[in-house]
Every structure is written in C-alpha cells, then in structure tokens.
Amino acid sequence: MIVRAYTFILVACFLWSLNPVANKVALVDIAVPQLVFMRSIFATLILVAVALFAGHRFRPKEIGWRPFVLGILDPGLTSLLFVTSLTVLSASNTVLIMALMPFSQSILGRMVLKEEFQSSIWTGGVLAVFGLAIFFIGEDFNGAESLWGNALLLTVFCLMAVSQLLTRKIMISEIPTILVTSSQMVSASVVLLVYLLIFGDLDRPLQASSGTMMTMVYLVFSMAIPFFLYNQAMRHIPVGMASLLLVLIIPFGFLFAAIFLGEEITLLKSSGAVLVMTGVAIPQFLQSRQKTYSV
C-alpha cells in the first residue's frame, strides 16, 4: 500500500509539472478567468460523475465541512493569489515556496498531527534547496519585488501549509477519496466562478484552435486526476515527506518546458535538477536501510 501511495504522488507531480506548459498554450486563446473556471468546473463534473457511477452519494453530514474548506483554500484561493503574485514578482520567489515546504511541513506535522519527526527529510530538503539554487543560478530574474507581491506570496505559502495539513487530517479518516476530491473541486469552482463574474470579460467570445481545445482537455484531467491521486497518497504519507516529493515538480516542469517550448537546458540546470532529485531520494534510501538493519 505504501508503494502505491508513493507511486500516486509521483504521478501527481508528473502531471502537475506539465501544467505550466499547457497553461501557456491555452492562454494564447483563452483569458485567465475563463480558463481557470472552465478547468475547475469540468474537473468537478468529471469527478462527481465518477463518484455517482461508483455508487457514492453526496451527503454533506457524512462528508463534513473540511473537504469544502480545503477546496476554497486549494485549488481555489491559492491559484488566484499565486497567479496574481506572479504579475509583480520574479519566478525565484515561487521556487522558494516549494523549497521551504519540507521544512515547514515537518514542523507543522509534528505540532498539529503528532507525526514522527524525520531528520532525513531535513537532510534531503537542504540538498534540494542547494539544487534549486544551482538550477536557477543562470536564470535572469526581475529584481523588483513589491511589498504587495511578497505579502500575496506569503499568503499563498500559509494557505498551502494549512491545506496540506487539512488534507492529511481528512484522508486519515474514513471518507472516500473520490468524495473528498469532488467536494474540494465543487467549492473551488464556486470561488473561481465568483472570480470570473467579477474580473472576467463575459462578452469576449471563445475562439480557440483545435490544439488549444485539446490542451484544455488535458488541463481538465490534470486538475481532476492529480488531486485525487495526491489525496489518496496522503492517507499513508506524512506531510513532511509529501512536501519533499512535491519539490520534484520544479525540475520536471523545466524539462517539459525545454521539450515543448524550446527552453534551453544548461549544465547548471541539469546539475541542479540531479541534486534536487538526490535530495528527494535520500530520505527514502535512509528509511530502507533502517528497515533492513532492524530486520
């Protein structure tokens, strides 16, 4: 079961890492408010249909309020605030969020969920941070960072930390994963609908090419499937370890950007990516050695 959980979260990371490329293609023809809402509402319809087909019934009293709050936080508010922060901040700030998650979540997991503190995660996290520093040393970043943008980014970080703890709290309960993910997407869609009604240009016609529509189909499934897999994995993986695995999204994302968008892969980037993956692998290696010696 634990091997399956790690497989699920790695597949989720793989799909999430393709999202930046797919979003960039889709945004050529589709405005941001329309894109994020269409993606969330279609993902919601798919998940609800699967849940109903599997024989589940949506009874709010049994599901509880936590999955709906989770959806408001992530992917609801986090996606909106994250995109807004990118309009005034450089990409290096967003990397900092992912790189710090293993440290913050190990501490919060110990304090809130009473999970075992794993020093190997910190060892891997330090290596991952160095890898990310090397990975981005050759990038051209915009040094102008506003207080407003950093405040938004800090809010995103806090929401991600809370949502991951809430996910772990929900998934160690008996609520079926498909009901949790469906409820999460329902509340996220409500948030993004409000965003669309306030900020979207509802009179703008949707004129998308066939390639853009195929990309949109991928974006819908890449929202529905990874969240389901991630939620299922969080039944068995502590938040600290899950946060460390999520760091893999960054080197994977740049690899796909190089393949599909023609971005350059330098020796520094390759070295940094290898170091990040080494940092993620170290805790798994140390745990397997401890189990071998204990036997």
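Worth saying up front: this structure is predicted, and the values here are computed from it rather than measured.

What counts and how
Residues numbered from 1 in each chain as written. Predicted model: local features only at pLDDT ≥ 70, side-chain atom pairs only at ≥ 80, totals over all residues. Heavy atoms only, no water. Helix = DSSP H or I, 4+ residues; strand = E, 2+ residues; numbered from the N terminus. Buried < 20%, exposed > 50% of the residue type's maximum accessible area, 1.4 Å probe, protein only. Contact = heavy atoms within 4.5 Å. Areas by Shrake-Rupley, 256 points an atom, 1.4 Å probe, with all protein chains shown as cover. Phe/Tyr/Trp six-rings, centres within 6.5 Å; stacked < 30°, edge-to-face > 60°. 1 Å grid on protein atoms, 1.4 Å probe; cavity = no way out; pocket = protein on both sides within 12 Å on 5 of 7 lines; lining within 4 Å. Points joined across faces, edges and corners; volume = space filled by probe spheres on them. Core = buried A, V, L, I, M, F, W, Y, C linked by side-chain atoms within 4.5 Å. Polar contact = N/O pair within 3.5 Å; in protein donor to acceptor, adjacent residues only side chain to side chain. Axes fitted to C-alpha atoms, helices over the stretch in contact; angles between N-to-C directions. Left-handed = near helix turned anticlockwise from the far one by under 90°. Nonpolar A, V, L, I, M, F, W, Y, C, P; charged D, E, K, R; others polar. Patch = residues over 30% accessible without salt bridge, like charges linked within 9 Å, V, L, I, M, F, W, Y side chains within 5 Å. Salt bridge = Lys/Arg side-chain N within 4 Å of Asp/Glu carboxyl O. Parallel < 35°, antiparallel > 145°, perpendicular 65-115°, else oblique.

What follows concerns the overall build of the protein chain. Helix and strand counts for the protein chain stand at 12 helices and zero strands. Listing the helices and strands of the protein chain from first to last along the sequence gives α-α-α-α-α-α-α-α-α-α-α-α. Every one of the 295 residues in the protein chain was classed for burial, and the buried ones make up 47%. Long-range contacts, defined as pairs at least 24 residues apart, comprise 91% of the intrachain contacts of the protein chain with a sequence gap of at least 6. On the protein chain, roughly 14,800 Å² of surface is accessible, and the fraction owed to carbon and sulfur atoms is 71%.

What follows covers the packing of aromatic side chains. Where two aromatic rings form a pair, the distance of their centres and the angle of their planes describe that pair. Within this structure, the stated rule accounts for four aromatic pairs. Between Trp-16 and Phe-227, the ring centres sit 5.3 Å apart and the planes meet at 80 degrees, which makes this aromatic pair edge-to-face. Here Trp-16 is found in helix 1 (residues 2-26), whereas its partner Phe-227 is found in helix 9 (residues 210-233), with 211 residues between them in sequence. When its relative accessible area of 16% is taken as the criterion, Trp-16 is described as buried. Connected via pairs of aromatic rings, a cluster forms that spans Trp-16, Phe-227 and Tyr-230.

Tallied over the entire structure, the rule returns two cavities of 30 Å³ or more. Estimates place the volume of the largest cavity at around 60 Å³. Around the largest cavity, the lining is made up of 13 residues, and of these Ser-106, Glu-115, Glu-116, Pro-238 and Gly-240 lie nearest the centre. Listed by contribution, the elements that provide at least two residues to the lining of the largest cavity are helix 5 (91-113) and helix 10 (239-246).

Once that is clear, we can look at the nonpolar core. Ile-9, Trp-16, Ile-170, Tyr-230 and Ile-237 are the most contacted members of the largest nonpolar core, which has 47 residues in total. Only helix 1, helix 2 (32-53), helix 7 (147-171), helix 8 (177-199), helix 9 and helix 10 provide two or more residues apiece to this core. Looking at this core, the element that brings in the most residues is helix 9, giving nine residues. Residues within four places of Trp-16 in sequence aside, it is in contact with Ser-222, Pro-226, Phe-227, Tyr-230, Leu-246 and Ile-249. Of all hydrophobic cores here, the second largest spans six residues; its members include Leu-80, Val-191, Tyr-195 and Leu-196.

Looking now at the side chain of Ser-182. In this fold, Ser-182 is placed in helix 8. Looking at Ser-182, the relative accessible area reads 0%, which means it is buried. From its side chain, Ser-182 meets the backbone oxygen of Ile-178 in a polar contact 2.6 Å long. Beyond its immediate chain neighbours, meaning those up to four positions away, Ser-182 contacts Leu-47, Val-48, Ala-51 and Phe-58.

Before going further, it helps to examine the packing of helix 1 against helix 10. Each pair of packed helices can be described by the angle between their axes along with the distance between the axes. Direction vectors running N to C along helix 1 and helix 10 enclose 35 degrees, while the axes themselves pass 10 Å from each other. In the crossing of helix 1 with helix 10, the sense of the turn from one axis to the other is right-handed. Residues Tyr-6, Ile-9, Leu-10, Cys-13 and Trp-16 of helix 1 form the contact with helix 10, whose own contacting residues are Met-241, Ala-242, Leu-245 and Leu-246. The class makeup of the residues in the contact of helix 1 with helix 10 is nine nonpolar, no polar and no charged.

Turning our attention to a nonpolar patch on the surface. On the surface, Val-186, Val-190, Leu-193, Val-194, Leu-197, Ile-198 and Phe-199 cluster together into a nonpolar patch covering about 640 Å² of accessible area. By secondary structure assignment, the location of Leu-193 is in helix 8.

Another point: the packing of helix 2 against helix 8. Contact geometry for helix 2 and helix 8: axes closest at 8 Å, N-to-C directions at 155 degrees. In terms of axis orientation, helix 2 runs roughly antiparallel to helix 8. Remark: the crossing between helix 2 and helix 8 carries left-handed chirality. From helix 2, Val-32, Pro-33, Gln-34, Val-36, Phe-37, Ser-40, Ile-41, Thr-44, Leu-47, Val-48, Val-50 and Ala-51 reach across to helix 8, where they touch Ile-178, Leu-179, Thr-181, Ser-182, Met-185, Val-186, Ser-189, Leu-192, Leu-193, Tyr-195, Leu-196 and Phe-199.

Here the residue pair Asp-74 and Pro-75 is connected by a cis peptide bond, since its omega of 15 degrees sits within 30 degrees of zero. Relative to the assigned elements, Pro-75 resides in helix 4 (residues 66-86).

Take the environment of Ile-9 next. Topologically, Ile-9 is positioned in helix 1. By relative accessible area, Ile-9 is classed as buried at 0%. Taking C-alpha positions, Ile-9 is 7.7 Å from Ala-242, a pair spaced 233 residues apart along the chain. Those residues within four positions of Ile-9 in sequence are excluded, and the remaining contacts are Tyr-230, Ala-233, Ile-237, Ala-242 and Leu-245.

All quantities given are derived from atomic positions and should not be read as evidence of function.
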